[in-house]
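Descriptive analysis of the structure
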Amino acid sequence: MRNIFLTLSALWVIGLFSCRKDSEKSFSDTPQITYKGISNSRINFFDTGVACNITLEFTDGDGNIGRKEDSVITIQDFRSDTLYKSYQYPFPIIGSEFRDHKWLEGTVRITLNTVFFTPRLDSLHLAEKKDTLYFKIYLKDEAGNRSNTVQTATIYMHGD
């Protein structure tokens, strides 16, 4: 899986981790994520320089996420409420310097480039040069616990 992650330059996951000194915090052992926003909701699918950042916050009560490649981020592309494509990538490794406690909390920014924003290949969407999508995202920790699923705002694609 590491080779897949390293060779797919279409997705860069940057973890910005903010473990706090508050040792009295308590979180579920099942990871939890919160959708915080998207940087660009209008994408020109002919613009090769365009990128879209999705920001999530996460917690994990037993901290077994991001220690090795067994924890994953799944990104599902939905078009017209139907699953179109699904992508799975290793969660970024979180160094021991950020592991002061059993639990973890932090922020993850997922950067997607135009490879993720291609129109459906049917006559309607190709003729109109328009499409819409949204992503559903969830995490799995090293024990296989699946987080809640969050949904992004709708992304509008065009070919002008």
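Everything below is about the structure printed above this text.
The structure reproduced in this document is the subject of the present report.

1. Looking at the pairing of strand β10 (residues 155-158)
- On β10, burial follows the alternation: Ile155 and Met157 on one face are buried, whereas Tyr156 and His158 on the facing-out side are not.
- Of the strand pairs in this sheet, strand β3 (residues 42-44) and β10 are connected by three bridges, and their pairing is parallel. Pairing of Asn44 across the sheet is with His158, part of β10.
- Here strand β8 (residues 130-140) pairs with β10 via four bridges, running antiparallel. Across the sheet, residue Asp131 finds its bridge partner in β10, namely Met157.

2. Observations concerning the packing of aromatic side chains
- Within the structure shown, the criterion is met by six aromatic pairs.
- Look at Phe58 and Phe91: their rings are 5.4 Å apart centre to centre, the planes differ by 80°, and that puts the pair in the edge-to-face class. Separated by 33 residues along the polypeptide, Phe58 in strand β4 (residues 51-60) and Phe91 in the loop between β6 (82-90) and β7 (104-113) bring together distant segments of the chain.
- Since its relative accessible area comes to 3%, Phe58 is described here as buried.
- Judged by relative accessible area, Phe91 falls into the buried class, the value being 2%.
- Here the aromatic rings of Phe78 and Tyr134 are separated by 5.4 Å at their centres, their planes lie at 5°, and the arrangement is stacked. One end of the pair, Phe78, is in strand β5 (residues 72-79); the other, Tyr134, is in strand β8, with 56 residues separating them in the sequence. Note on accessibility: Phe78 and Tyr134 belong to one class, buried.

3. As for the environment of Ile38
- Turning to its location among the elements, Ile38 is positioned in strand β2 (residues 32-38).
- Sequence-distant contacts of Ile38, that is, excluding residues within four places in its chain, are made with Cys52, Asn53, Ile54, Ala153 and Ile155.

4. Thoughts on the nonpolar core
- Of all hydrophobic cores here, the largest spans 28 residues; its most connected members are Phe58, Ile110, Phe117, Phe135 and Ile137.
- Listed by contribution, the elements that provide at least two residues to this core are β4, β5, β6, β7, β8 and β10.
- Beyond its immediate stretch of four places on either side in the chain, Phe117 contacts Ile43, Phe45, Cys52, Leu112, Leu133, Phe135, Ile155 and Met157.

Reading guide: rules and limits
One numbering rule holds for all chains: residues counted from 1, following each sequence as written. Since the coordinates come from a predicted model, pLDDT governs what is reported: local features require at least 70, and pairs of side-chain atoms require 80 or more to be given and counted, while whole-chain, interface and lining totals use all residues. Values reported for side chains reflect all heavy atoms of the structure, with hydrogen atoms and water molecules removed beforehand. In this scheme, a residue with accessible area under 20% of its type's maximum is buried, one over 50% is exposed, and one in between is partly exposed, where area comes from a 1.4 Å probe on protein chains only. Runs of H or I in DSSP of at least four residues are treated as helices and runs of E of at least two as strands, each being numbered from the N terminus. Two strands pair if DSSP finds at least two bridges between them. Centre distance within 6.5 Å is the pairing criterion for rings of Phe, Tyr and Trp, where only the six-membered ring of Trp is used; planes under 30 degrees apart are then read as stacked, over 60 as edge-to-face, and the remainder as tilted. We call two residues contacting when some pair of their heavy atoms lies within 4.5 Å. What makes a nonpolar core is a set of buried Ala, Val, Leu, Ile, Met, Phe, Trp, Tyr and Cys residues whose side-chain atoms join them at distances within 4.5 Å.

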